[in-house]
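As a plain string of letters, each chain reads:
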Amino acid sequence: MGQKKDNMKDLPGKNLSRRSFLGTTATAAAAFTIVPRFVLGGKGYTPPSDIINVAGIGVGSQGGGDIQQLCTPDVPIIRPVRNFDGTPMTKEQIAAQQARMAEMMKRMASKEGKPGPNTNAPVQMGAADKGPIKLANIYALCDVDPNYAGHIFKGYPKAKIYNDWRELLDKEKSIDAVVIGTPDHNHAMIAAAFMRAKKHVYLEKPMAKTIFEVRKLAELAKETGVVTQMGNQGHATEGTRKTVEWIQSGVIGKVTDVQLSTNRPMGFWPQGDIKRPEGMPVPKELNYEVWLGPAPYKPYNPKALHFNWRGLWDYGTGAMGDMGAHIFDAPIWALNLGMPTKIQATSSPYSTDYMPLCEMVTYEFPARGDMPAVKVTWCDGGLRPPRPDSLEPGRAMKDATYYGDKGILTHASHGAMPELIPGNDDFKGPDAWLPRTGNIFEDWVGAIKAGKKSCNDFSISSKLTEIMLLTNIAVKHQLDDITLEYDAANMKITNLPEANSLFQYEYRNGWSL
């Protein structure tokens, strides 16, 4: 495994560092002569020196989708139809899923006056409508479960295959960057190891499982100088930039209240006052040791792995960890929010294994310059905040609503479709003034080649992630009947010292950050 021949090793110039070229300025560029593309291969040809070698780690689900946004697969990929625990769906389950999708699309079409899409079509991962993508070369792929990730492996037959990221890091010196799509509890350890090896890092949200890990990754990114990006796709969208421009241009005046919500985890993965499923024999093809990583040892069960890990305290960060980056990001950017000084949570019951099914959390942010103090309320599990009085009957609530002294603005997840409440078809908004970077993958690769920071590098995304992770600390201490007071400069809850133990946990033997 992972022993394919390196066909470049005997070529002249092998000792020249491609990595130096990819991350430098004009000084380094002067040391290279790039053969014009018309000499190498005609119109549209991409010189090899312009292509970075990327390894994907944890590619069975979101990570596999990320990889396809960097490079169109050599073999078309059809995503397997399976349950969230990774097991194949039965015919009855597929039929039920299609019926639910058809009903949802019917409701949407009735509101918009448009026909819904064909819900019986096979689901393809990637962005086929954009044409072939070649931002990077997919040099290696790593996943602990070849069955779960097999469809991605087949899509890139030239990639070297691993089931242990440590072996990949040790052997593959030709990779320039890595895309990490593992469960949350493995994010920090993998990202830290590759940054220390001077590899650029694209890390799925959230950056890490704990606030201590988040701060460590931000420090390492600064020390090593590698280009980092958190997988928060909405940060690079037009909708998010419009939201920032509208709010900072004063369209709705001074904002003092923001309300955020998501339906997750309802209908997606299990959470609540439930027990972890009983242990089962580990499948021989699964590298369960590496999947567990730093987490405490617990017996294997497929219902605790793959998509379902999100709801377990040992591995995931719940609905906030899954959707908070997509919904909380625009408010933080638009309102220039720092760290909250107070956090309070209430939730449905939960267990020692699983997070609550639904929760409501409030965050209090102090004034910033001429911006007043802001209260942010987060709801999940299908809960929604109260409808604004001026929201038209029949018009659905979106995921984020901003209340200013001159009006109300709302948008969907990922900053999508910002609108005013009540609706105003004549509103055009201020002229665009923020730079448009392309999508988050184009931005990351472009930053690597230009030797600059990406739009959502760890110095930015670490703040967002830290705010997100404070949620679970507040949830776990809700029965103390106290509003937590946070001293971000010293990473401490000042009025409940026992809460500070949740900023990090003890890793399993053999694993370290």
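As a starting point, this report considers the structure included with it.

Conventions and cut-offs
- Residues numbered from 1 in each chain as written.
- Predicted model: local features only at pLDDT ≥ 70, side-chain atom pairs only at ≥ 80, totals over all residues.
- Heavy atoms only, no water.
- Core = buried A, V, L, I, M, F, W, Y, C linked by side-chain atoms within 4.5 Å.
- Buried < 20%, exposed > 50% of the residue type's maximum accessible area, 1.4 Å probe, protein only.
- Helix = DSSP H or I, 4+ residues; strand = E, 2+ residues; numbered from the N terminus.
- Pairing = 2+ DSSP bridges.
- Salt bridge = Lys/Arg side-chain N within 4 Å of Asp/Glu carboxyl O.
- Expected span 1.5 Å × (residues − 1).
- Contact = heavy atoms within 4.5 Å.
- Axes fitted to C-alpha atoms, helices over the stretch in contact; angles between N-to-C directions.
- Parallel < 35°, antiparallel > 145°, perpendicular 65-115°, else oblique.
- Left-handed = near helix turned anticlockwise from the far one by under 90°.
- Nonpolar A, V, L, I, M, F, W, Y, C, P; charged D, E, K, R; others polar.
- Phe/Tyr/Trp six-rings, centres within 6.5 Å; stacked < 30°, edge-to-face > 60°.
- Lys NZ or Arg CZ within 6 Å of the ring centre and 35° of its normal.

Observations concerning the nonpolar core
Of all hydrophobic cores here, the largest spans 98 residues; its most connected members are Trp165, Phe194, Phe328, Tyr363, Tyr402 and Tyr486. Ranked by residue count, the leading element in this core is helix H14 (residues 458–476), at nine residues.

With respect to the pairing of strand E7 (residues 255–261)
Burial within E7 is extensive, with six of its seven residues counted as buried. Both E7 and strand E11 (residues 400–404) contribute to a ladder of five bridges, which runs antiparallel. Bridging across to E11, Leu260 finds its partner in Ala400.

Describing the pattern of salt bridges
The final tally for this structure, using the stated rule, is 16 salt bridges. Here Asp314 and Lys298 are joined by a salt bridge, their closest N and O atoms 2.6 Å apart. Remark: Lys298 occurs in the loop between helix H11 (288–292) and helix H12 (318–334) and Asp314 occurs in the loop between H11 and H12; sequence separation between them is 16 residues. Between Glu419 and Arg395 there is a salt bridge, with the nearest N and O atoms lying 2.9 Å from each other. Of this pair, Glu419 sits in strand E13 (residues 419–421) while Arg395 sits in the loop between strand E10 (374–379) and E11, placing them 24 residues apart in sequence. A relative accessible area of 17% places Arg395 in the buried class. Salt bridges linked by common partners bring Lys205, Arg264, Arg310 and Asp322 together as one network.

Notes on helix H9 (residues 211–224)
Because an α-helix completes one turn every 3.6 residues, residues spaced three or four positions apart along the sequence face the same direction. End to end, H9 covers 20 Å across 14 residues, agreeing with the expected 20 Å (1.5 Å per residue, within 8%). On its buried face, H9 is in contact with helix H8 (184–196), strand E5 (200–204), strand E6 (228–231), H14 and strand E14 (484–487). Just downstream of H9, Gly225 is the residue with a positive phi angle, here 75 degrees.

Side note on the sheet that holds E11
Spatially, the nine strands line up as an open sheet ordered E13-E12-E11-E7-E10-E9-E8-E14-E15, and their pairing is mixed. With partners counted over all chains shown, the strands left at the sheet margins are E13 and strand E15 (492–493), one partner each. This element, helix H10 (residues 238–248), spans E7, E11, strand E12 (408–411) and E13 of the sheet and lies at about 170 degrees to E12.

Overview of unusual backbone geometry
Look at the link from Lys205 to Pro206: it is a cis peptide, with omega at -10 degrees. Topologically, Pro206 is positioned in the loop between E5 and H9. Here the amide bond leading from Arg264 into Pro265 is cis, since omega sits at 5 degrees, within 30 degrees of zero. Along the polypeptide, Pro265 turns up in the loop between E7 and H11. In this structure, His306 takes a positive phi of about 50 degrees despite not being glycine. Take His306: its relative accessible area is 14%, and that puts it in the buried class. With a phi close to 55 degrees, Asn336 is a non-glycine residue in the positive phi region. Examined against the element boundaries, Asn336 turns out to sit in the loop between H12 and strand E8 (342–347). What makes Asn336 partly exposed here is its relative accessible area of 47%.

Brief notes about the side chain of Ser413
Checked against the element boundaries, Ser413 lands in the loop between E12 and E13. In contact with Ser413, other than residues within four places in its own chain, are Met323, His326, Ile327 and Asp399.

Digging into the packing of H12 against H14
Direction vectors running N to C along H12 and H14 enclose 125 degrees, while the axes themselves pass 9 Å from each other. When the interaxial angle is binned, H12 and H14 end up oblique. As for how H12 packs across H14, the hand of that crossing is right-handed. Taken together, the residues of H14 that come into contact with H12 (itself represented by Met320, Gly321, Gly324, Ala325, Phe328, Asp329 and Ile332) are Lys463, Leu464, Ile467, Met468 and Thr471. Split by residue class, the contact of H12 with H14 holds seven nonpolar, three polar and two charged.

Section: the packing of aromatic side chains
Tallied over the entire structure, the rule returns 14 aromatic pairs. Judged by centre distance (6.4 Å) and plane angle (80 degrees), the rings of Tyr288 and Tyr297 are edge-to-face. Of the residues examined, Tyr288 reaches a relative accessible area of 5% and is grouped as buried. Ring centres 5.6 Å apart and planes at 70 degrees place the aromatic pair Trp313 and Tyr350 in the edge-to-face group. On the criterion of sequence distance, the pair formed by Trp313 in the loop between H11 and H12 and Tyr350 in the loop between E8 and strand E9 (359–365) is long-range, its members being 37 residues apart. Given a relative accessible area of 8%, Trp313 falls into the buried group. We note Arg310 situated over the ring of Phe307; from NZ or CZ to the ring centre the distance is 3.9 Å. Note that Lys476 overlies the ring of Trp313, its terminal NZ or CZ placed 4.4 Å from the centroid.

Interpretation note: all reported values are geometric properties and have no functional meaning in isolation.
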